[in-house]
2 protein chains.
Amino acid sequence: MKQNGTAVHADLQFSDHVDAESKVAERPEDHKTELRLWLRMLACANLIEVEIRQRLRERFDTTLPRFDLMAQLERTEDGLLLGELSRRMMVSNGNVTGLVERLVHSGLIERNANEADRRAVRVRLTDEGRRVFSVMAAEHADWIAEFFDGLGEDEQEALLTSLRGLKLSVLSAISGRADRKV
Amino acid sequence: MKQNGTAVHADLQFSDHVDAESKVAERPEDHKTELRLWLRMLACANLIEVEIRQRLRERFDTTLPRFDLMAQLERTEDGLLLGELSRRMMVSNGNVTGLVERLVHSGLIERNANEADRRAVRVRLTDEGRRVFSVMAAEHADWIAEFFDGLGEDEQEALLTSLRGLKLSVLSAISGRADRKV
DNA sequence: GTAAAATAGTTGCAGCTTAAAATATCGGAT
DNA sequence: ATCCGATATTTTAAGCTGCAACTATTTTAC
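Let me begin by describing the structure that accompanies this report. Everything numeric in this text was worked out from a predicted model, so none of it was measured.

**Observations concerning the overall build of chain A**
Looking only at helices and strands, one finds seven helices and three strands in chain A. The order of helices and strands in chain A, counted from the N terminus, is α-α-α-β-α-α-β-β-α-α. The 182 residues of chain A split such that 26% are buried. A sequence separation of at least 24 residues applies to 40% of the contacts in chain A between residues at least 6 apart.

**Points about the protein's contact with DNA strand C**
Near DNA strand C there are 24 residues, and of these A:Pro65, A:Gly94, B:Gly83, B:Asn93 and B:Gly94 occur at the shortest range. Only helix 3 (64–74) and helix 5 (93–105) of chain A together with helix 4 (82–89) and helix 5 (93–105) of chain B provide two or more residues apiece to the surface near DNA strand C. Element by element, the count of residues in the surface near DNA strand C is highest for helix 5 of chain A, at five residues. In terms of residue class, the surface near DNA strand C is built from eight nonpolar, 10 polar and six charged.

**Brief notes about helix 5 of chain A**
All names here are of chain A. For helix 5, spanning 13 residues, the distance from its first C-alpha to its last is 19 Å, which sits close to the expected 18 Å at 1.5 Å a residue. Those residues of helix 5 that fall on the buried side of the exposure criterion are Val96, Leu99, Val100 and Leu103. Down the axis, helix 5 shows its buried residues gathered within 100° of arc, on one side only. Seen from the buried face of helix 5, the exposed residues on the opposite side, beyond 90 degrees, are Gly94, Thr97, Gly98, Glu101 and His105. Those residues of helix 5 that are buried lie in contact with helix 3, helix 4 (82–89), strand 2 (109–113) and strand 3 (121–125).

**So, the interface of chain A and chain B**
At the junction of the two partners, chain A supplies 66 residues and chain B supplies 64 residues. Listed by contribution, the elements that provide at least two residues to the side of chain A that touches chain B are helix 1 (18–26), helix 2 (32–60), helix 6 (127–147) and helix 7 (153–174) of chain A. Element by element, the count of residues in the side of chain A that touches chain B is highest for helix 2 of chain A, at 18 residues.

**Observations regarding the protein's contact with DNA strand D**
Within the structure, DNA strand D sits among 24 residues, and A:Gly83, A:Asn93, A:Gly94, B:Pro65 and B:Gly94 are positioned closest to it. Those elements that place two or more of their residues in the surface near DNA strand D are helix 4 and helix 5 of chain A together with helix 3 (64–74) and helix 5 of chain B. Top contributing element to the surface near DNA strand D by residue count: helix 5 of chain B, with five residues. The residue makeup of the surface near DNA strand D, split by class, is eight nonpolar, 10 polar and six charged.

**Observations concerning the sheet that holds strand 1 (residues 80–81) of chain A**
Residue and element names in this part refer to chain A. Pairing in this open sheet of three strands is antiparallel, and the strands run 1-3-2 from one edge to the other. On the outer flanks of this sheet lie strand 1 and strand 2, each paired with one strand and no other. Pairing of strand 1 with strand 3, which is carried by two bridges, proceeds in the antiparallel orientation. Bridge pairing in strand 3 places Leu81 opposite Arg122.

**Description of the relation of the copies chain A and chain B**
Mapping one chain copy onto the other needs a rotation about an axis and a shift along that axis. Taken as rigid bodies, chain A and chain B are interconverted by a rotation of 180° and an axial shift of 0.0 Å, the fit giving an RMSD of 0.0 Å. In symmetry terms, the pair is related by a two-fold rotation axis. When each C-alpha of chain A is compared by its distance to the rotation axis, A:Leu159 comes out closest, at 3.3 Å. Most of the interface of chain A is mirrored in chain B, where 95% of its interface residues again form contacts.

**Considering the packing of helix 7 of chain A against helix 2 (residues 32–60) of chain B**
For the pair helix 7 of chain A and helix 2 of chain B, interaxial distance at closest approach is 10 Å and the crossing angle is 25°. With respect to helix 2 of chain B, the element helix 7 of chain A is oriented roughly parallel. Crossing angle aside, the handedness with which helix 7 of chain A passes helix 2 of chain B is left-handed. Between helix 7 of chain A and helix 2 of chain B, the residues in contact are A:Gln156, A:Leu159, A:Leu160, A:Leu163, A:Leu166, A:Lys167, A:Val170 and A:Ile174 and B:Thr33, B:Arg36, B:Leu37, B:Arg40, B:Met41, B:Ala43, B:Cys44, B:Leu47, B:Ile48 and B:Glu51, respectively. Taken together, the residues of the contact of helix 7 of chain A with helix 2 of chain B sort by class into 12 nonpolar, two polar and four charged.

Cut-offs used in this document
- Residues numbered from 1 in each chain as written.
- Chains lettered and ligands numbered in written order.
- Predicted model: local features only at pLDDT ≥ 70, side-chain atom pairs only at ≥ 80, totals over all residues.
- Helix = DSSP H or I, 4+ residues; strand = E, 2+ residues; numbered from the N terminus.
- Buried ≥ 20, exposed ≤ 12 C-beta atoms within 10 Å, placed from the backbone.
- Contact = placed C-beta atoms within 7 Å.
- Near = placed C-beta within 6 Å.
- Nonpolar A, V, L, I, M, F, W, Y, C, P; charged D, E, K, R; others polar.
- Expected span 1.5 Å × (residues − 1).
- Arc of directions from axis to C-beta.
- Pairing = 2+ DSSP bridges.
- Least-squares fit on C-alpha atoms with pLDDT ≥ 70 in both.
- Axes fitted to C-alpha atoms, helices over the stretch in contact; angles between N-to-C directions.
- Parallel < 35°, antiparallel > 145°, perpendicular 65-115°, else oblique.
- Left-handed = near helix turned anticlockwise from the far one by under 90°.

Below is the structure:
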């Protein structure tokens with residue numbers, strides 16, 4: 001609750017980034033291409049994501065986070081521990097707790113105590129959950145194909161390649177922060 | 001609270017899409033490229049977005065939605081009506097109400113009654129808000145440039161072009177739904 | 001002029017999200 | 001045997017988000 005302007009003067013604490021920042025500072029007002037690129041990518045991703053959320057709700061009365069969680073479980077034989085799940089979904093632990101609770105309530109997944117380690121909880125799809133997910137996943141894939149239908153084969157390949165480069169670029173820009181585990 | 005599996009059997013209600021869906025249904029298991037493309041794009045966008053959210057919080061003790069709202073206001077001389085704001089931000093009315101409330105509380109924007117139409121509320125940046133935003137925006141642009149730094153000039157152009165194509169493809173796939181106003 | 005429809009915002013509710021603090025358990029060192 | 005640090009999960013507080021129902025005001029139709 002302290003969103004006042006003085007926070008602007010908080011200490012700069014990313015010494016790792018001083019190089020990049022001072023470099024760009026030399027020629028201010030020159031980030032236009034990158035900014036346009038980012039905004040356009042964000043617009044595309046949001047357009048698709050919003051549409052998927054809407055369709056998941058209307059067609060299956062579910063949400064994208066639930067779908068993502070089930071997608072992770074679907075790839076496993078015996079389910080996952082909550083920690084592993086939260087790592088793969090790249091969301092916080094507390095987030096998973098709530099999602100799991102609601103999905104269990106819906107009967108789509110089940111929580112199993114782990115006898116070896118009483119702290120851990122393993123979750124897996126129920127038969128019903130697996131059945132439901134396969135229907136949703138098939139339709140989801142169709143939606144995606146539909147969205148990309150206007151792009152030619154070669155354009156898709158080009159985009160795939162560009163995105164690989166972008167991912168590497170972003171990862172290298174970010175490394176040194178948030179990736180303490182590396 | 002009705003996320004049970006039976007919802008899967010809800011009526012199919014997108015007759016507009018039957019063509020696209022039946023078309024892909026003819027060759028099931030062939031959406032792999034599109035799916036990979038989508039997942040990679042989502043990964044990139046999320047990576048960047050999460051990093052931006054984190055930096056906005058750590059550097060300026062603020063959030064992306066607040067930043068976006070201020071960015072919209074910054075482009076205007078006399079502020080915007082709430083409805084116009086929610087349309088430009090592509091979020092719901094109720095959402096804007098809360099965001100505005102918190103930003104007013106922080107002293108960054110102000111609400112002004114509209115004498116011509118007593119239903120309407122106009123919001124604009126305060127002097128403080130404009131000052132704070134200019135600092136944040138400059139740093140934000142530096143961050144973006146940093147993330148895209150690993151991409152060459154030509155690669156950026158290629159990506160920009162691919163994304164234009166994608167946006168058109170998605171819009172054409174979506175049109176007929178959600179765009180009732182057209 | 002008045003009723004009905006349209007428009008501008010707000011409110012309530014449910015869910016998603018994170019960070020930080022709390023709880024419980026495990027494993028190793030003494 | 002016990003204490004301590006690491007690990008697994010839950011809880012809590014604050015905020016973001018959409019939808020649906022609601023209030024207030026303006027405009028339109030008659």
